[in-house]
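# Summary of the model geometry
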Amino acid sequence: MQRIARLRELSGAKALLALKCFSTWSVFPLMCQYMDGSTSSSLHEVKLGFQKFGGETHAYSVAFAAHEIDEVLANSDKVIFNSLGQLARFGTAAHATHKPVGLRVNPGTSNSPYLLADPARPHSRLGEADPDKIAAVIDQLSGFMFHNNCENRSFESFDHMLGQIEARFGHLLQSEGIAWVSLGGGIHFCDEGYPLEQLAARLRAFADQYQVQVYLEPGEASITNSATLEVSVLDINVNGKQLAIVDSSTEAHMLDLLIYNLPARIEPNTGEHAYLVCGKTCLAGDIFGEFRFEAPLQVGDRISIQDAAGYTMVKKNWFNGVGMPSIVVARLDGTEELVQSFGFDDYVNSLS
Ligand SMILES: Cc1ncc(COP(=O)(O)O)c(C=O)c1O
Ligand SMILES: NCCCCNCC[C@H](N)C(=O)O
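Rules used throughout
- Residues numbered from 1 in each chain as written.
- Chains lettered and ligands numbered in written order.
- Predicted model: local features only at pLDDT ≥ 70, side-chain atom pairs only at ≥ 80, totals over all residues.
- Heavy atoms only, no water.
- Phe/Tyr/Trp six-rings, centres within 6.5 Å; stacked < 30°, edge-to-face > 60°.
- Helix = DSSP H or I, 4+ residues; strand = E, 2+ residues; numbered from the N terminus.
- Buried < 20%, exposed > 50% of the residue type's maximum accessible area, 1.4 Å probe, protein only.
- Lys NZ or Arg CZ within 6 Å of the ring centre and 35° of its normal.
- Pairing = 2+ DSSP bridges.
- Right-handed = clockwise from strand over helix to strand, strands pointing away.
- UniProt positions renumbered as here; feature names shortened; annotations may be inferred.
- Contact = heavy atoms within 4.5 Å.
- pLDDT = per-residue confidence, 0-100.
- Core = buried A, V, L, I, M, F, W, Y, C linked by side-chain atoms within 4.5 Å.

## A few points about the packing of aromatic side chains
Geometrically, a pair of aromatic rings is defined through the distance of the ring centres and the angle of the planes. Applying the stated criterion to the full structure yields 12 aromatic pairs. With a centroid separation of 5.0 Å and an interplanar angle of 55 degrees, the aromatic rings of Phe206 and Tyr210 are classed as tilted. Separated by four residues within a single helix, Phe206 and Tyr210 lie in helix 8 (residues 196-210), roughly one turn from each other. Here the two residues Phe206 and Tyr210 agree in accessibility, since each one is buried. Where Trp318 meets Tyr347, the ring centres are 5.7 Å apart and the plane angle is 55 degrees; that geometry is what we call tilted. Of this pair, Trp318 sits in the loop between strand 13 (302-305) and strand 14 (327-330) while Tyr347 sits in helix 12 (residues 344-349), and the two are 29 residues apart along the sequence. On the basis of relative accessibility, which here comes to 18%, the residue Trp318 falls in the buried class. Every member of this aromatic cluster is reached through a ring pair, and the members are Phe64, Phe81 and Phe90. Here the guanidinium or amino end of Lys52 rests over the ring plane of Trp25, the centre of that ring lying 3.8 Å away.

## A look at the pairing of strand 4 (residues 78-81)
Regular strands place their side chains on alternate faces of the sheet. Because side chains alternate across strand 4, one face comprises the buried residues Lys78 and Ile80, and the other comprises Val79 and Phe81, equally buried. The pairing of strand 3 (residues 56-60) with strand 4 spans three bridges and is parallel. Following the sheet pairing, Tyr60 is matched in strand 4 by Ile80. The pairing of strand 4 with strand 5 (residues 101-104) spans three bridges and is classified as parallel. Considered in strand 5, the bridge of Phe81 is made with Leu103. Between the parallel pair strand 4 and strand 5, the chain is carried across by helix 5 (residues 84-96), and the sense of this crossover is right-handed.

## Examining the UniProt feature "binding site: substrate" (unreviewed entry) in the protein
According to UniProt, the "binding site: substrate" (unreviewed entry) feature falls on Glu220 and Asp256. In summary, the annotated positions, though distributed over 37 residues, converge in three dimensions, the widest C-alpha pair being only 12.5 Å. As for its placement among the helices and strands, Glu220 is situated in helix 9 (residues 220-223). Those residues in contact with Glu220 that sit more than four places away from it in its chain are Cys21, Glu151, His188 and Tyr311. Tracing the backbone through its elements, the reader meets Asp256 in helix 11 (residues 255-259). According to the relative accessible area criterion, Asp256 is buried, its value standing at 16%. Apart from residues no more than four positions distant in its own chain, Asp256 is found in contact with Asn261, Tyr311 and Lys315.

## Examining the confidence of the model for the protein
Taken over all residues, the pLDDT of the protein has a mean of 97, while the share at 70 or more is 100%. Overall fold confidence for the complex sits at a pTM of 0.98, while the interface term, ipTM, reaches 0.97.

## So, the UniProt feature "domain: Orn/DAP/Arg decarboxylase 2 C-terminal" (unreviewed entry) in the protein
In this numbering, the UniProt entry assigns the feature "domain: Orn/DAP/Arg decarboxylase 2 C-terminal" (unreviewed entry) to residues 179-308. Taken end to end, residues 179-308 comprises 22% helix and 30% strand; its first and last C-alpha atoms sit 36 Å apart.

## Observations regarding the nonpolar core
Counting 63 residues, the largest nonpolar core has Phe81, Phe144 and Phe189 as the members making the most contacts within it. Apart from the residues within four sequence positions on either side, Phe144 is in contact with Leu103, Val105, Ile134, Ile138, Leu172, Leu173, Ile178, Trp180, Val181 and Ser182. Of all hydrophobic cores here, the second largest spans 18 residues; its members include Val231, Val233, Ala244 and Ile305.

Shown next as structure tokens:
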């Protein structure tokens, strides 16, 4: 949070929490002291941000539905449309509420290491790409959103791609009516060693050149390493390797591990005793990864899975009816507060 506040101070950019990554609103009273507001991906998210985070609320969706748009506009400070078709359908309603209207632009370049998460993938549906088509409607717009960074730990890569955006769309950014530009999320400026000052200078120079307010939409960067998934060993077995079955599941509680075929992170991951730490669902590949421990694991042992805040609770599901982890906040004063727990009724009520 302090790094985000410093980036805002140095660059003049505004930082909006990307709720798609993290929506655990019981900690929003702390986060809103360091950020300017939130950005969303749906009617539910924009209402959550408006009601629980406060500050400036941006409404974006790949596609708004007609029955949603009035409520979206009532719960947001800016609305960003994903396509010219959505702008044509809902732009008038947006202008009637005197809400600034933006358009997502796909610059056709990104750094995503995953095709699945690559906004610039072939035939991408994310944003408009043709400068001439955008120019034809620019009198309806006051801003743009470009989201083309994904887990970008390289300032040089960000700087290069921003230069590509300027080369292709700079004449549109200079249009008189354009007052703001969001550069989306995916910029991992909270990583140790990231040249924050360089990023800030680049953002400030961009804002000065085009006379626009710059926004960033950090998701991962807002919550990296801020939570753990606490699990307990239920069973120990062996099949060529030592197997530890825990009371959780990658598919239900850390879905991105399966989606992106990544191991979890358990620390210190040292010692002579190696185990496959496995989930308890029927999915054969429900495995958190292979880790080392200083002593043999026993039933009942506690294991802390690191970096568990981003794209976890927002993706949780009741696969196999596996018990849902509670949400506990470790307050800055050292106390731990149980803010939510889930039971059979939550499971049953999620199904009919
Ligand atoms: C439009 C937009 N903004 C922000 C984000 C947040 O990205 P990250 O969590 O990588 O910072 C995303 C992620 O998909 C996004 O699509
Ligand atoms: N840490 C594993 C890969 C995560 C990729 N995150 C993509 C985030 C992006 N905002 C999206 O939701 O597609």
